[in-house]
Amino acid sequence: MNEANLSNAIKHLSASGGSTNAIIHSMALAKVMGLKMTLQDFDAIQSSVPVVAKFKPSASHNINDFHQAGGVPAVLSTIRKYLDTDVRLAAVGGTMGEYLDAFSADIDRKVIRPLDEALSPAGCFSLLTGNLAPLGAVVKKTGVEPQMFRHVGPAVVFNSEEEVRDFLLNKKVEPGSVLVIRYEGPKGGPGMRELSIPAAMLVGMGLHTSVAMITDGRFSGATRGPCVGHIAPEAWVGGPLALVNDGDIIEIDLNQNILNLQVSPEELEKRKATVQKPVRKLSGMLAAYRAGVGGAEEGAVWLYRDDWQE
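Residues numbered from 1 in each chain as written. Predicted model: local features only at pLDDT ≥ 70, side-chain atom pairs only at ≥ 80, totals over all residues. Heavy atoms only, no water.

(A) Structural context of the nonpolar core. If you look at the biggest cluster of nonpolar residues, it comprises 30 residues, and the most contacted ones within it are V180, I214, V228, I250, I252 and L259. Looking at this core, the elements that each hand over two or more residues are β2 (133–140), β3 (150–158), β4 (178–181), β5 (212–215), β6 (227–232), β7 (249–253) and β8 (258–261). With 3 residues, the single largest contributor to this core is β2. Apart from residues lying up to four places away in sequence, V180 is in contact with A155, V156, V157, F158, I214, L241, V244 and I250. (Core = buried A, V, L, I, M, F, W, Y, C linked by side-chain atoms within 4.5 Å. Buried < 20%, exposed > 50% of the residue type's maximum accessible area, 1.4 Å probe, protein only. Helix = DSSP H or I, 4+ residues; strand = E, 2+ residues; numbered from the N terminus. Contact = heavy atoms within 4.5 Å.)

The following block contains the structure:
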């Protein structure tokens, strides 16, 4: 495994409409490999390729359709000109170029599009930054309805997954809102819980074209809709997400890669004195996990530090 192979993997991930979870795994790999990869570097790689395939729930085709259409080698063959074909592939032997030269199966172009019929020209993700996510946040852009690529609305704030699920079941969700779920990051959860159930509820209620959801937690590969995750720094360590109040106006722009809280720096500074984290007492392994896990922007790797010595 080397930097060129990781870059190829990221390009395949993006071209095939992959999961935001794979961003965490890619950043973790980069960290333990000693690469100085940032989310901005990841974005430059993933946005360099067109999206040639999408699958459920972002499209009608499923994973079996993907396999029948030619699968991984079919996507790699389609985006070949964007790949480093000289790298060696330990799993199959030879180089990427030799692997693709040996691929001769028919590709179903209704499932895996040719480059001139790509579904999106510049990757399947948006990597966002702004005063609400100084170290970054992620969203699968190709799973979002185009009318929600830019959304500005008032925050409705929750301190756990359970709180937002209860709200969705029992309260009225106003169109235009931005649901903010915090303290679900790597340290806060702890473990960076997957908020795919609230995201699915949002879609099931038909609110994914009018309501956004943002969190320092994560979503699954089966999530669609305007769901922004991995906000860093997370609320538990004092990230700006901890400073959001109900009614604050939040701006999300997937074209400009922006996630901003429209509150003055002076007001945010005042709020720091009043922040109260939820009580989540831990012991044993979970306490050790919270103490040792890193941020989502670096792969949420546990027990790994750059300054350790032999």
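That was the structure; now back to the text.
(B) Structural detail: the state of the cysteines. Using the criterion set out here, one finds 0 disulfides in the structure. Left without a disulfide partner, C124 is nearest to the cysteine sulfur of C227, which lies 15 Å away. (Disulfide = S-S within 2.5 Å.)

(C) The arrangement of the side chain of T215 in detail. Position of T215 among the secondary structure elements: in strand β5. A residue is classified by how much of its surface remains accessible, and T215, at 0% relative accessible area, is buried. Only 2.8 Å separates the side chain of T215 from the backbone nitrogen of G217, close enough to count as a polar contact. Ignoring anything within four residues of it in the chain, the contact list for T215 reads I181, E184, L195, V228, G229, H230, I231 and L241. (Polar contact = N/O pair within 3.5 Å; in protein donor to acceptor, adjacent residues only side chain to side chain.)

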